[in-house]
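Descriptive structure summary
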Amino acid sequence: MRFDFVKVSAVLAVLSAGMGEPALAGKGDLKIQVPKSAPLLQGRTLDLRFASFAQGIWVRDLKDCPAPRIDQSAPGSTLAIYRGLWEMPGRICQVYGAELGSRDTQRAAINCLMNDGGEAIELVTVQPRGTDGLLVQEGERPPVQFRFCEKINPVLKADGSD
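Here's what I pulled together on the structure shown here. Every value quoted in this text rests on a predicted model; they were computed, and no experiment measured them.

Another aspect to go through is the packing of aromatic side chains. In total, this model carries two aromatic pairs according to the counting rule given. Ring centres of tryptophan 58 and phenylalanine 148 lie 5.3 Å apart, and the angle between their planes is 80°; on these two criteria the pair is classed as edge-to-face. Within this pair, whereas tryptophan 58 is found in strand β2 (residues 56-59), its partner phenylalanine 148 is found in strand β9 (residues 144-150), the two being separated by 90 residues in sequence. Since its relative accessible area comes to 3%, tryptophan 58 is described here as buried. Judged by its relative accessible area of 30%, phenylalanine 148 is partly exposed.

Here's what the structure looks like:
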């Protein structure tokens, strides 16, 4: 390979022409404003866990109950909610703010870690349907009906805890 001094000089001249002007960036130019909580939750009393009506393992189709393991279930078929945790196939999430108030509807902002290593922040709404149903809406997606499958029993249970 032959070194071409003329071509290299031309490339350097073009690059240095742009370097003659000063950079006009200041500290904080790339900062963005991130809300401390989801807009729908602002001004409300917040908790860090789901309501008791939503806790348990839920399935779309009762033939999938009992679910062997949530992470091995088909996408969208199984949901586990326990205190401040939300798990579906492909992701596990933690509540960072849940709206208290109405007994029959709860909104929660959740931070999710995906199995592929990505992260997502979502707003979910859960609402009981009858005695064994749960209506789940993730963000703006249409609501999905789940059926109660089984209760989640804690591995360790301290006296007086639920």
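Structurally, arginine 91 is set in strand β5 (residues 91-99). If we ignore the near neighbours within four places in the chain, the residues touching arginine 91 are Trp86, Cys112, Leu113, Met114, Asn115, Glu122 and Glu138.

When strand β6 (residues 106-114) meets strand β7 (residues 119-129), the two strands line up antiparallel, connected through eight bridges. In the sheet register, arginine 107 faces β7, and the bridge partner there is threonine 125. Count of turn residues in the β6/β7 antiparallel hairpin: four residues, of which glycine 117 carries a positive phi of about 95°. Here β7 runs beside strand β8 (residues 133-138); their pairing, made up of six bridges, is antiparallel. Looking at β8, one finds that valine 124 is bridged to glutamate 138. Between β7 and β8, which follow one another and run antiparallel, lie three residues, and glycine 130 among them has a positive phi close to 70°.

It is worth spelling out the pattern of salt bridges at this point. Throughout the structure, instances matching the rule amount to six salt bridges. A salt bridge links aspartate 64 to lysine 63, with the shortest nitrogen-to-oxygen separation between them at 3.4 Å. We classify aspartate 64 as partly exposed; its relative accessible area is 27%. Arginine 69 is the salt-bridge partner of aspartate 71, the closest N and O atoms lying 2.7 Å from each other. A relative accessible area of 38% places aspartate 71 in the partly exposed class.

Once that is clear, we can look at the nonpolar core. Membership of the largest hydrophobic core comes to 19 residues, with the highest contact counts inside it found for Phe50, Leu79, Ile81, Trp86, Ile110, Val126 and Leu134. When sequence neighbours within four positions are dropped, the list of residues in contact with leucine 134 reads Phe53, Ala54, Trp58, Leu79, Ile81, Val126, Gln127, Pro128, Arg129, Val144, Gln145 and Phe146. Counting residues in each nonpolar core, the second largest holds five residues, with Val59, Ile70, Ala80 and Cys149 among its members.

Reading guide: rules and limits
- Residues numbered from 1 in each chain as written.
- Predicted model: local features only at pLDDT ≥ 70, side-chain atom pairs only at ≥ 80, totals over all residues.
- Heavy atoms only, no water.
- Phe/Tyr/Trp six-rings, centres within 6.5 Å; stacked < 30°, edge-to-face > 60°.
- Helix = DSSP H or I, 4+ residues; strand = E, 2+ residues; numbered from the N terminus.
- Buried < 20%, exposed > 50% of the residue type's maximum accessible area, 1.4 Å probe, protein only.
- Contact = heavy atoms within 4.5 Å.
- Pairing = 2+ DSSP bridges.
- Salt bridge = Lys/Arg side-chain N within 4 Å of Asp/Glu carboxyl O.
- Core = buried A, V, L, I, M, F, W, Y, C linked by side-chain atoms within 4.5 Å.

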